[in-house]
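# Structure assessment
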Amino acid sequence: MRVEPASQGVPPSGTGAAIAHPNIALIKYWGKVDGELNIPANSSLSLTLDVAPTRTEVTLDPQLDGDVAELNGEQLQGTPMRRIAAFLDLIRRRTGSEVPAQVRTTNEIPTGAGLASSAAGFAALAVAGSVAYGLDLAPRDLSRLARRGSGSASRSIFGGLVKWNRGTDDGSSYAEPIDAPELDLQLLVVLSHREPKAISSRDAMNRTAQTSPYYRAWVESTEVQLGELEAAITAADIGSIGEIVESNALRMHASMLGARPPIRYWTSTTLMVLDRIQQLRAEGLDVFATMDAGPNVKLLVRGAHVPEVLRALGELLGGTEVLASGFGPGAASVDRA
Ligand code: PMV
């Protein structure tokens, strides 16, 4: 199940293109000890998806006054544009280049809806930008670079199950794939909400860390749950894996409810899905929930139980789209279209 990213031995070409997939955390990252370097308070563990890829092209252009970027054909402005330009600055600083770039990104997943679009986005930008500016980085260093754009992007550099070691500084905070036995698991993303969230994960995790009395408990118990999950993965114990994953997500959301002002991403639809999952579990299905910075529920499901879970979701939510994902690959550079 170990999936290695493509090697990055590409000469400075002035252009680069890459594809990366979203990842969904099974043990969450929520809060940082260093906001500038994105050093997290706790280590996390995720599954890279094999659906909803982001494709990014970076083209250096000395004629430009500054960086420009478009997402699905629309020009980016404001904070999203500033984050991309700041990220390209990191690459330029290492190469000595001052040339601005044009960035073109396409993705199929709604942006900013708690569906890990920024993880895939900054992982793809790290790879494509490095190729374009001629920065030859090992996978671990690509992960460290991607982390600077969005913490969770450090994990989308790799495929399969990935652990982000929190580390203590820029050099020691990186993700790496973990060895795992074959696991008969699928991840279903219930796309019940497509609109951008009211509060970004960045702001929400900062507010939680600063104001929630439950935050310390979240960090401490998450380190414990990470060890438990690794043991359950090694044992290929799907019931324990699911129970730990669901508990960790609920604890993250509990820490947010304790913030001031409180943060609640869930809607009545979120709760409806959670209720149905509990019933399905009582009926003997291995199905477990996880939720990120948004109202959409993601389900970890034993492969053999996927058809029945999809049927139940169809009855509950009508035409709501559900993405079914297996274990996906790491970010890789690709030829330009
Ligand atoms: O990397 P960010 O800033 O988008 O934060 C991600 C936060 C969660 O998705 C809620 C958890 C995680 O580990 O991905």
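Overview of the structure. (Residues numbered from 1 in each chain as written. Predicted model: local features only at pLDDT ≥ 70, side-chain atom pairs only at ≥ 80, totals over all residues. Heavy atoms only, no water.)

## Here's the deal with the overall build of the protein
Formally: In this description a helix means any DSSP run of H or I spanning at least four residues, a strand means any run of E spanning at least two, and both kinds are numbered starting from the N terminus. The globule rule is 2.2 Å times the number of residues to the power 0.38, and the radius of gyration it is compared with is taken over C-alpha atoms. A simple rule labels every residue: compare its accessible area, found with a 1.4 Å probe on the protein chains alone, to the largest value its type can have, and call it buried under 20%, exposed over 50%, or partly exposed in between. Any pair of residues with heavy atoms lying within 4.5 Å of one another is described as a contacting pair. The Shrake-Rupley method, run with a 1.4 Å probe, gives the accessible areas here. Residue values count only the displayed protein chains as cover. Neither His nor the chain ends is counted toward charge; the positive residues are Lys and Arg and the negative residues Asp and Glu. To locate a charge, take NZ of a lysine, CZ of an arginine, CG of an aspartate or CD of a glutamate.
Broken down by element type, the protein carries nine helices and 16 strands. Taken over C-alpha atoms, the radius of gyration comes to 19 Å for the protein, in line with the 20 Å a tight globule of 337 residues would show. By its C-alpha atoms, the protein is 60 × 40 × 35 Å across when sized along the principal axes. A total of 337 residues make up the protein; the buried ones form 55% of that total. Sequence-distant contacts, at least 24 apart, represent 77% of the contacts inside the protein between residues at least 6 apart. By element, 49% of the accessible surface of the protein is carried by carbon and sulfur atoms, the whole surface being about 13,700 Å². In the protein, the 31 positive side-chain charges and the 38 negative ones have mean positions that sit 5 Å from each other.

## Notes on the pairing of strand 9 (residues 101–107)
What counts is decided by this rule: Whether two strands pair comes down to DSSP finding at least two bridges between them.
Of the two faces of strand 9, only the one carrying Ala101, Val103, Thr105 and Asn107 is buried; Gln102, Arg104 and Thr106 on the other face are not. Examined bridge by bridge, strand 7 (residues 68–71) and strand 9 share four bridges and lie parallel to one another. Among the inter-strand pairings, valine 68 is bridged to a residue of strand 9, identified as glutamine 102.

## With respect to the pairing of strand 1 (residues 15–20)
Where strand 1 and strand 6 (residues 54–60) come together, six bridges link them in antiparallel fashion. Across the sheet, the residue bridging to isoleucine 19 is arginine 55, located in strand 6. With two bridges joining them, strand 1 and strand 16 (residues 332–333) adopt antiparallel strand pairing. What sits directly across from alanine 18, in strand 16, is serine 333.

## Notes on the sheet that holds strand 9
This is how the line gets drawn: All axes here are fitted lines through C-alpha atoms, helices being fitted over the stretch that makes contact, and every angle between N-to-C directions spans 0 to 180 degrees.
What the six strands build is an open sheet, ordered 8-7-9-6-1-16; its pairing is mixed. Edge positions in the open sheet fall to strand 8 (74–75) and strand 16, since each of these has one partner strand only. Bridge count for strand 7 against strand 8 is two bridges, and the pairing is antiparallel. Its bridge partner being in strand 8, glutamate 70 is matched across the sheet by glutamine 75. Strands strand 7 and strand 9 of the sheet are contacted by helix 1 (residues 78–95), whose axis makes an angle of about 125° with strand 9. The strands that helix 2 (residues 117–133) touches are strand 1, strand 6, strand 9 and strand 16; relative to strand 6, the one it contacts most, it runs at about 35°.

## Points about the packing of helix 1 against helix 3 (residues 139–149)
Let me state the cut-off plainly: In this scheme the handedness of a crossing depends on how the near helix is turned from the far one: anticlockwise by less than a right angle means left-handed, clockwise means right-handed. Ten residues, namely Ala, Val, Leu, Ile, Met, Phe, Trp, Tyr, Cys and Pro, are considered nonpolar, four, namely Asp, Glu, Lys and Arg, are considered charged, and the remaining ones, Gly among them, are considered polar.
Helix 3 packs onto helix 1 with a crossing angle of 145° between their chain directions and a minimal axis gap of 9 Å. Crossing of helix 1 against helix 3: the hand is right-handed. Note on element contacts: helix 3 touches helix 1 through Leu145, Ala146, Arg148 and Gly149, opposite Arg83, Phe87, Leu90, Ile91 and Arg94. Here the residues of the contact of helix 1 with helix 3 sort into five nonpolar, one polar and three charged.

## A look at the site of the ligand
Rules: Proximity is defined per residue: any heavy atom of the residue falling within 4 Å of a molecule or strand makes that residue near it. Nitrogen and oxygen atoms within 3.5 Å of one another constitute a polar contact, given that in protein one can donate a hydrogen and the other can accept it, and given that sequence-neighbouring residues count only through two side-chain atoms. Computed over the protein atoms alone on a 1 Å grid, cavities are sets of points where a 1.4 Å probe fits but cannot get out and pockets are open sets with protein on both sides within 12 Å along at least five of seven lines; a residue lines them when it has an atom within 4 Å of a point. To decide whether a molecule occupies a pocket or cavity, check its atoms: if more than half lie within 2 Å of the grid points, it is inside.
Inspection of the region around the ligand gives 14 residues, with Tyr29, Ser150, Ser152, Arg155 and Ser201 positioned closest. Within the side chain of serine 118, an N or O atom sits 3.4 Å from an oxygen atom of the ligand. Within the side chain of serine 152, a nitrogen or oxygen atom sits 2.6 Å from an oxygen atom of the ligand. Compared with its free state, where it exposes 380 Å², the ligand has 91% of that area covered by protein. Put simply, the ligand lies in the largest pocket.

## Some thoughts on the side chain of serine 154
As for its position among the elements, serine 154 is in helix 4 (residues 153–156). Discounting chain neighbours no more than four positions away, the residues touching serine 154 are Ser143, Ala146, Arg147, Trp164 and Ala175.

## Some points on the packing of helix 8 (residues 268–282) against helix 9 (residues 306–317)
Cut-off, in case you're wondering: To sort the angles, those under 35 degrees are grouped as roughly parallel, those over 145 as roughly antiparallel, those from 65 to 115 as roughly perpendicular, and the leftovers as oblique.
Where helix 8 contacts helix 9, the two axes come as close as 11 Å, and the packing angle between them is 140°. Between helix 8 and helix 9, the angle falls in the class oblique. For the pair helix 8 and helix 9, the crossing hand works out as right-handed. Contacts between helix 8 and helix 9 involve Thr269, Met272, Val273, Arg276 and Leu280 on the former and, on the latter, Val309, Ala312, Leu313, Leu316 and Leu317. Looking at the contact of helix 8 with helix 9 residue by residue, the class counts come to eight nonpolar, one polar and one charged.

## Quick look at empty space enclosed by the protein
Under the convention used in this document: Grid points are joined across faces, edges and corners, and a volume is the space filled by probe spheres set on the points.
Evaluation of the coordinates by the stated rule reveals one cavity of 30 Å³ or more. Here the lining of the largest cavity is composed, by residue class, of nine nonpolar, no polar and no charged.

## Quick word on the sheet that holds strand 12 (residues 185–190)
Pairing within the open sheet is antiparallel, and its four strands lie in the order 13-14-12-15. Two strands close off the open sheet at either side, each with one partner strand: strand 13 (287–291) and strand 15 (322–325). The average undirected angle you get between the axes of adjacent strands in this sheet is 25°. Bridge count for strand 13 against strand 14 (residues 297–302) is five bridges, and the pairing is antiparallel. Looking across to strand 14, one finds that valine 287 is bridged to valine 301. Lying on the sheet, helix 8 is in contact with strand 13 and strand 14; it crosses strand 13 at an angle near 155°. Against the sheet, helix 9 engages strand 12, strand 13, strand 14 and strand 15, with an angle of about 10° to strand 12.

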